[in-house]
Amino acid sequence: MAVVGDLALKFGGMIKKEGAFDLKKGVFGLPISSHGVCFNARKFRSVESRIGVQAVMQVGVESAEVSKGSKNLEGFLGLDVVSEWELRAKGFLGLRKTKLVCTIGPACCSLDDLERLAMGGMNVARLNMCHNTRDWHKDVIRNIKKLNEEKGYCVSLMIDTEGSQIHVVDHGINVGDEIVFDGGMATFEVVEKVGNDLRCKCTDPGLLLPRAKLSFWRDGKLVDKNYELPTLSTKDWFDIEFGISEGVDFIAMSFVNDADAVTHLKNYISTKSSKSIEVLAKIESLESLHNLEEIIGASDGIMIARGDLGVEIPLEQIPTVQERITYLCRQLNKPVVVASQLLESMVEFPTPTRAEVADVSEAVRQYADALMLSGESAIGPYGQKALSVLRMTSSRMELWSREEKRQNALFQHNVAASLTDQIAEHICNCAAGMANNLALDAIFVCTRHGQMASLISRNRPNPPIFAFTNDSSTRMKLNLQWGVTPLLIDLSDDTEANISKSIDLIKAKGLIKNGDTVLVVSDTVPSSTTQTVFQSIQVKTVV
């Protein structure tokens, strides 16, 4: 590497080398604003020796010559086939940022169907544990893993628990109350109570499906429930054990009402699995909205289940509630999935309504991490077309956001507690700002646990984020992060070696060309406790 200038920042003072940039003049003539990394040397000098943290910013030129031995590493580049194809066809800025989740059901469970969904852009395959048998779920999981291992896809696995749902009358019901099935699919009015039975009149005819969810309304308000059930049922615990044994990547937890339930499940998983499994809390009840910030803080991510949520709050409140949840998740650095009825008409028809396309566009405009298909893919005959609609709509809306420079208006809430995490957060905010201001082609992140890749993603930068990790669990969980393409490679304790390897591997694939400029961030934590935690940010241009 031919270094044209560098700047090293170290706690306790600034070390300026020959040819270094003047911070007052900025980088490449651009000022380092509030998004930059600013440290008070006097404040941190006394703690430098005991915390063992270094932060480095460097601007340099990377040689176009591939390092010796990199050809031997080419086969170890864990770039999935879909991202590689998209990168070759569209370039760095053409990569889709919004992730796509597909619910797997009888309409798309064969190996060929699953591969078509994976090739169409499915990042996460969701299994709804309300339906199908244990053997059926096992076959789907086996097929997804087969596609990943044998054909080079990178599709994560999610199971969705059923929750302690009520399917029978268990409320204090009066004559005149309304019973709403599945959020409005059909509505009945109670005209008479006969013992434990209710005699009802249908006021809004519709389709009644098995295992329909009921809600009860009186004078335009939801009737309070007269029971208290656990968040996870006995069946849910069996399903969770199954998911752990099958090595799934995400568990979506239904009907979460408080943070304690999430914490309990996460603690349970940590004692049962050596693999990291992320817990997503589903927001689908009025009570969960009352405890929203605590639930988001306790979980690894959020799913906005708009169908069930629309049963418990007025329909006109759904758009603002969705926007509030999405905003809070980004502020607290948790991925958020917008789910339910995105393209509901495509369960029956080959094209969506224009209103549905507008709904999808709005979720993308709000910078949701992921969009989810439910019945559209699980039971509908047009699942692949529905996925294509999500993919094309997302890409078009992301392009509009870049053209309008909407990322510049994003405000980030500080989430870090420890000094090390605060450094990482500032570096990532600075990295995203630099990548946008300098119009860089891509952001490379060397990470073991995905922390800095996630923090950069929170800023929604224009260039795509390539996260190089040596942990397969980290790779699969990053599949749900906006704008992040995770790659599996070997990482060492040598930060510079990791950076060189990452660039060499992309070069060896022919995916980076002369003149491309990338920003490289590293949060590699050494395996030895005696070594320094090294966090760095560098700009490298291929010549």
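Residues numbered from 1 in each chain as written. Predicted model: local features only at pLDDT ≥ 70, side-chain atom pairs only at ≥ 80, totals over all residues. Heavy atoms only, no water.

### A look at the state of the cysteines
The full count for this structure, using the stated rule, is 0 disulfides. Here Cys108 is not disulfide-linked; the sulfur of Cys109 is the nearest cysteine sulfur, at 6.8 Å. (Disulfide = S-S within 2.5 Å.)

### Observations concerning the packing of aromatic side chains
This structure, assessed with the given rule, holds 6 aromatic pairs. Note on Phe181 and Phe188: the rings are 5.4 Å apart at their centroids and 70° apart in plane angle, and the pair reads as edge-to-face. For the pair Phe181 and Phe188, one class covers both residues: buried. Relative to Tyr268, the ring of Trp237 has its centre 4.9 Å away and its plane inclined at 70°; by these criteria the two rings are edge-to-face. With Trp237 in helix H7 (residues 234-246) and Tyr268 in helix H8 (residues 259-272), this residue pair connects regions lying 31 residues apart in the sequence. Through successive ring pairs, a cluster of aromatic residues spans Phe92, Phe444, Phe466 and Phe468. (Phe/Tyr/Trp six-rings, centres within 6.5 Å; stacked < 30°, edge-to-face > 60°. Buried < 20%, exposed > 50% of the residue type's maximum accessible area, 1.4 Å probe, protein only. Helix = DSSP H or I, 4+ residues; strand = E, 2+ residues; numbered from the N terminus.)

### Section: the packing of helix H6 (residues 134-151) against H7
Running from N to C, H6 and H7 cross one another at 25°; their axes reach a closest spacing of 11 Å. Taken as axis vectors, H6 and H7 run roughly parallel relative to one another. Handedness of the crossing formed by H6 with H7: right-handed. Counting all contacts with H6, which are made through Arg134, His137, Lys138, Ile141 and Lys145, the residues of H7 involved are Phe238, Asp239, Phe242 and Glu246. Across the contact of H6 with H7, the residue classes break down as 3 nonpolar, 1 polar and 5 charged. (Axes fitted to C-alpha atoms, helices over the stretch in contact; angles between N-to-C directions. Parallel < 35°, antiparallel > 145°, perpendicular 65-115°, else oblique. Left-handed = near helix turned anticlockwise from the far one by under 90°. Contact = heavy atoms within 4.5 Å. Nonpolar A, V, L, I, M, F, W, Y, C, P; charged D, E, K, R; others polar.)

### Re the nonpolar core
Ile104, Met122, Ile302, Ile325, Leu343 and Leu371 are the most contacted members of the largest nonpolar core, which totals 70 residues. The element contributing the most residues to this core is H8, with 6 residues. Residue contacts for Met122: discarding those within four places in its chain leaves Leu100, Cys102, Ile104, Leu114, Leu117, Ile144, Val155 and Leu387. The next biggest cluster of nonpolar side chains, apart from the first, holds 24 residues, and it includes Ile423, Ala435, Leu455 and Leu478. (Core = buried A, V, L, I, M, F, W, Y, C linked by side-chain atoms within 4.5 Å.)

### Quick look at the pairing of strand S7 (residues 178-181)
In this structure, S7 lies alongside strand S8 (residues 186-194), joined through 4 bridges in antiparallel fashion. Residue pairing for S8: Val180 is matched across the bridge by Thr187. The turn linking S7 back onto S8 is made up of 4 residues, and Asp182 within it adopts a positive phi angle of 50°. Where S7 meets strand S10 (residues 214-218), 4 bridges bridge the pair, whose relative direction is antiparallel. When the bridges of S10 are listed, Phe181 appears paired with Leu214. (Pairing = 2+ DSSP bridges.)

### Remarks on the pattern of salt bridges
In the structure shown here, the tally under the stated rule is 22 salt bridges. Among the salt bridges present, the one from Asp113 reaches Arg116, with a minimum N-O distance of 2.7 Å. Note that Asp113 and Arg116 are positioned in helix H5 (residues 111-119) at a spacing of 3 residues, about one turn of the helix. Here Arg116 falls in the partly exposed class, since its relative accessible area comes to 42%. Residue Arg365 pairs with Glu323 through a salt bridge whose shortest N-O separation is 3.5 Å. Of this pair, Arg365 sits in helix H13 (residues 354-365) while Glu323 sits in helix H12 (residues 318-331), and the two are 42 residues apart along the sequence. Of the residues examined, Arg365 reaches a relative accessible area of 22% and is grouped as partly exposed. Overlapping salt bridges bring together Arg134, Glu162, Lys235 and Asp239 as one network. (Salt bridge = Lys/Arg side-chain N within 4 Å of Asp/Glu carboxyl O.)

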